[in-house]
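Okay, here's what each chain looks like letter by letter:
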Amino acid sequence: MSNDFFRFKQFTVHQTDSAMKVGTDGVLLGAWHAIDGHPARILDVGTGTGLIALMLAQRFNDAQVTGVEIDGIAAAEAQRNVAASPFAGRIDIINAAFQDFQQQAQTFDLIVSNPPYFCNALENPDTARATARHTSSLSFRNLLYGSMQLLDNNGRLAVILPTESLKAFLSEASIIGLSLIRHTAVKTVERKEPKRHMLLLSKQYTGAPFEETVCLQNSDGTRSEWYQQQTQDFYL
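Residues numbered from 1 in each chain as written. Predicted model: local features only at pLDDT ≥ 70, side-chain atom pairs only at ≥ 80, totals over all residues. Heavy atoms only, no water.

Asks: Would you take a moment to explain the nonpolar core for this structure?
Replies: Most often, soluble globular proteins have nonpolar side chains that are buried together. With 43 residues, the main nonpolar core has Phe8, Phe11 and Ile91 as its most contacted residues. The leading source of residues in this core is helix 2 (residues 51-59), at 7 residues. Those residues in contact with isoleucine 91, other than ones at most four positions away along the chain, are Ala53, Leu54, Ala57, Val65 and Val82. One finds Val68, Leu166, Ala173 and Leu201 within the second-largest nonpolar core, a separate group that totals 25 residues. (Core = buried A, V, L, I, M, F, W, Y, C linked by side-chain atoms within 4.5 Å. Buried < 20%, exposed > 50% of the residue type's maximum accessible area, 1.4 Å probe, protein only. Helix = DSSP H or I, 4+ residues; strand = E, 2+ residues; numbered from the N terminus. Contact = heavy atoms within 4.5 Å.)

Asks: Even after reading the chapter, I still don't get the side chain of histidine 197, so can you show me in this structure?
Replies: Locating histidine 197 in the fold gives a position in strand 9 (residues 196-202). Since its relative accessible area comes to 6%, histidine 197 is described here as buried. Polar side-chain contacts of histidine 197 include one of 2.8 Å to the side chain of histidine 183. (Polar contact = N/O pair within 3.5 Å; in protein donor to acceptor, adjacent residues only side chain to side chain.)

Asks: Quick question: what am I supposed to make of the pairing of strand 8 (residues 179-187) here?
Replies: Working note: regular strand, side chains alternate between the two faces of the sheet. Burial runs high along strand 8: 7 of the 9 residues are buried. Judged from the 7 bridges that link them, strand 8 and strand 9 form a sheet pairing that is antiparallel. Opposite serine 179, over in strand 9, you have serine 202 as the bridge partner. Where strand 8 lies against strand 10 (residues 210-215), 6 bridges are found, and the strand directions are parallel. In the strand pairing of strand 10, alanine 185 is matched with threonine 213. (Pairing = 2+ DSSP bridges.)

Asks: Looking at this structure, I do not really get the pattern of salt bridges. What am I missing?
Replies: Here the idea is simple: oppositely charged side chains can pair when their charged atoms come close. Following the criterion strictly, the structure yields 8 salt bridges and no others. With a closest N to O distance of 3.4 Å, glutamate 190 and lysine 187 form a salt bridge. Using a relative accessible area of 55% as the deciding quantity, one classes glutamate 190 as exposed. Using a relative accessible area of 13% as the deciding quantity, one classes lysine 187 as buried. Among the ionic contacts, a cluster of salt bridges with common partners joins Arg41, Asp109 and Asp152. (Salt bridge = Lys/Arg side-chain N within 4 Å of Asp/Glu carboxyl O.)

Asks: Please clarify how the side chain of threonine 12 should be interpreted in this entry.
Replies: On the secondary structure map, threonine 12 appears in strand 2 (residues 12-14). When its relative accessible area of 19% is taken as the criterion, threonine 12 is described as buried. Only 3.2 Å separates the side chain of threonine 12 from the side chain of arginine 7, close enough to count as a polar contact. Filtering out sequence-adjacent residues up to four positions away, threonine 12 remains in contact with Phe5, Phe6, Arg7 and Asn81.

Asks: I would appreciate a short explanation of the sheet that holds strand 4 (residues 64-69) in the present structure.
Replies: Pairing is mixed across the open sheet formed by 8 strands, whose spatial order is 5-4-3-6-7-9-8-10. Of all strands in the sheet, those bounded by a partner on one side alone are strand 5 (91-95) and strand 10. Each strand axis lies, on average, 15° off the axis of its neighbour in the sheet, ignoring direction. Against the sheet, helix 6 (residues 140-150) contacts strand 3 (41-45), strand 6 (108-113) and strand 7 (151-162), and its axis sits at roughly 155° relative to strand 7. On top of the sheet, helix 7 (residues 163-176) reaches strand 7, strand 8 and strand 9; it is set at about 160° to strand 7, its chief contact. (Axes fitted to C-alpha atoms, helices over the stretch in contact; angles between N-to-C directions.)

Structure follows, in structure tokens:
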């Protein structure tokens, strides 16, 4: 890995221009096995470098993937990453705010997002990085409401969030009418509390959600069996 790019098995993500670099959150969401089935139309909200869009195009080889990105510089870099990948014919990158994009009529089988989540913290003076990290550019309500409009009847929404945002996000989801199917709480190591939460939601689900807690690392700092299983098709 370089600061300028991150090489995966089937594609490379260049990240010189994008405010948010390749990180564990995006890789986790793109690789999460709970996102399964055969989605034909996938939307990645806040695609950044295009990482998650590329991962899902690799996983679902018949899917058409759309990545929406509000920042023009990041969108351009995502377009270059897509063009250099084996999946260029199945991924479209659109430079637009999600609130504007959702006015279009197409629906999706799967919507994914590693959304901005700092609701009350002081914003980063780097405008592009602040846009990528703070909910002032895309609130949870905006994301959930737009997803409700764009998901087909059996569609699903998958997100990854920090612990401090979990309660607010689930509360908004309940109000809007999206139900939790699965909740994977992610610890860095066993002795610590979960720092991240991956959520799978839908319009139709009425049962109790499946809940699990997993670890990224063993006690010696190596990748856990769970993490290896999730990411083995991607990491070199």
